[in-house]
Amino acid sequence: MCYTIPGKVIDIKQGFAVIDYFGEPRKARNDFFDLSCGDYVYAQGGFVVQKVSMEDALSSMEAWRELFFELKKIDNRLSRVDRPGEKVGTKVKRILNKAQNGLPVSRDEALVLLDITDEAEKGLLFRTANSVRQKVLSNACCVHGIIEFSNFCRNDCLYCGIRKSNNEISRYRMAPDEILASVKEAVDLGFKALVLQSGEDYHYTTEIIEGLVTKIRKEFPVLIFLSVGERDAGFYRRMFDAGARGVLLRFESSNRKIYSDMKPGNSFNDRVDHLSFLSKLGFLIATGGLLGLPGQTRQDMIEDIFLAKSFGTEMYSFGPFIPHSNTPLKDQKIISSDEAIKFIAVARLIVPDGKILVTTALETIDRGMRRLGLLSGANSFMLNVTPVKYRKQYEIYQGRAGIEEELKIQIEEALALLKELGRAPTDLGVS
Ligand code: 5AD
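Being a predicted model, the structure only gives us computed values, none of them experimental.

A. The overall build of the protein chain, seen in detail. Helix and strand counts for the protein chain come out as 15 helices and 15 strands. Since a compact globule built from 431 residues should have a radius of gyration of about 22 Å, the 21 Å found for the protein chain is in line with a globular shape. Overall, the protein chain is about 60 × 55 × 40 Å in size when its C-alpha atoms are taken along their principal axes. Put simply, the protein chain has 431 residues, and 60% of those count as buried. In the protein chain, 73% of the contacts between residues at least 6 apart in sequence involve partners at least 24 apart.

Shown next as structure tokens:
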């Protein structure tokens with residue numbers, strides 16, 4: 001985002017650049033540029049996304065230098081685990097100690113953690129997750145922008161407000177030029193990674209989306225994620241060739257029965273095959289599911305994390321299901337924000353090096369959750385870059401957080417929070 005830090009290329013090997021950030025080397029894939037040692041670049045999501053002049057890089061680095069170390073100090077301070085004298089059961093303590101020491105957490109242990117109800121134990125779980133995040137990934141926080149360019153959808157998922165059979169919402173499609181204008185606005189404001197999302201809308205043919213991706217890559221230094229649902233292999237190959245490098249596609253639930261109940265006409269196996277294929281093609285995978293679907297157990301939730309992990313996922317996107325009044329699930333209960341934060345913390349202990357999102361849905365059920373999520377293992381979130389006039393119509397559920405807020409305001413709020421928590425809006429990848 002706005003102040004992503006430039007770094008200096010200090011080594012190049014097999015498609016990777018090693019980039020120095022104030023003495024810290026990080027690796028990033030270089031698919032797009034002709035680079036030499038000594039060049040200055042911006043990297044995002046583990047990819048080099050822009051080459052910059054030495055002059056621009058040095059002035060930006062100068063502005064960053066002091067803040068870079070100051071933020072780390074704040075994060076270190078906020079990531080302490082110990083609270084002497086606090087009473088925590090031995091079983092929970094033992095599991096958290098293990099996780100703190102870098103040992104893997106099993107399904108059974110994860111379940112014990114997700115079952116915690118005691119306040120002191122919860123606190124220790126959250127602090128441990130935060131500390132593991134800090135130890136493994138330092139204070140980088142990834143802030144992507146999302147453009148929701150169409151709310152037409154051919155699917156009829158029971159949980160979703162933009163399902164085909166909801167006749168009460170007005171539908172919109174952004175023209176490619178409008179989408180490009182939104183990309184430009186976001187890039188001008190500093191975004192280095194954007195998600196282009198829509199319902200499964202075949203009005204946008206392979207050629208149209210390919211044209212869009214090609215243009216964006218040509219004109220803007222930004223990492224492109226597509227979130228357009230299940231398309232065929234040829235579609236995704238062409239998108240990769242055009243320069244898209246990420247796909248956001250949730251599997252929604254690892255429980256097959258829930259999946260097929262929720263998504264009539266869709267197959268769980270197809271979804272999983274899609275994700276495996278996309279991962280093999282070389283896309284960064286962002287995936288996850290819904291928390292609180294009818295019939296979902298805590299075991300299912302743990303399984304969700306392990307399933308996501310199995311795709312070599314880059315970004316874990318799990319958020320509470322929020323009932324929409326014009327869907328068959330309108331009377332379903334929402335899980336508590338507390339349960340959702342426990343889930344984030346447990347996910348962090350299962351995938352210490354993953355990017356874990358605080359989703360807009362979680363912020364919708366409680367506006368304080370971006371902060372609490374980031375202090376409990378999460379290290380990324382997204383801002384809504386869709387033109388304000390369309391945002392309300394992308395009504396997957398009602399009352400979404402932040403849909404009235406101009407992008408500039410969203411950015412100001414995000415930066416203020418990141419500063420307070422000692423997080424740098426950088427996305428340097430892990431060396
Ligand atoms: N509540 C929360 N998230 C939802 N999504 C769809 N409907 C809802 C809802 N009612 C999520 C799905 C989908 C993503 C684009 O939006 O998980 O993958």
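B. Region of the structure containing the domain arrangement of the protein chain. Per the domain assignment, the segments of the protein chain are domain 1 (7–69) and domain 2 (136–421). One C-alpha centre belongs to domain 1, the other to domain 2; they are set 28 Å apart. Taken together, the contact pairs twelve residues of domain 1 with 17 residues of domain 2. Counting the surface lost from both domain 1 and domain 2, the interface buries some 1,100 Å², and carbon and sulfur atoms represent 61% of this. At the boundary of domain 1 and domain 2, one finds one salt bridge. Listing elements by their share of the side of domain 1 that touches domain 2, those giving two or more residues are β3 (24–29), β4 (40–44) and β5 (47–52). A total of three residues in the side of domain 1 that touches domain 2 trace back to one element, the largest contributor, which is β5. Counted by class, the side of domain 1 that touches domain 2 contains six nonpolar, three polar and three charged residues.

C. Spotlight on the pairing of strand β15 (residues 380–384). Of all five residues in β15, five are buried; the element is thus mostly enclosed. Burial along β15 is two-sided: S380, M382 and N384 and F381 and L383, pointing in opposite directions, are all buried. Here strand β6 (residues 142–150) pairs with β15 via five bridges, running parallel. Following the sheet pairing, C142 is matched in β15 by S380. In terms of strand pairing, strand β14 (residues 355–358) meets β15 through two bridges, oriented parallel. The residue of β15 that forms the bridge with L357 is S380.

What counts and how
Residues numbered from 1 in each chain as written. Predicted model: local features only at pLDDT ≥ 70, side-chain atom pairs only at ≥ 80, totals over all residues. Heavy atoms only, no water. Helix = DSSP H or I, 4+ residues; strand = E, 2+ residues; numbered from the N terminus. Rg over C-alpha atoms; globule rule 2.2 N^0.38 Å. Buried < 20%, exposed > 50% of the residue type's maximum accessible area, 1.4 Å probe, protein only. Contact = heavy atoms within 4.5 Å. Domains from an automatic or database assignment. Buried area = accessible area lost by both parts, 1.4 Å probe. Salt bridge = Lys/Arg side-chain N within 4 Å of Asp/Glu carboxyl O. Nonpolar A, V, L, I, M, F, W, Y, C, P; charged D, E, K, R; others polar. Pairing = 2+ DSSP bridges.

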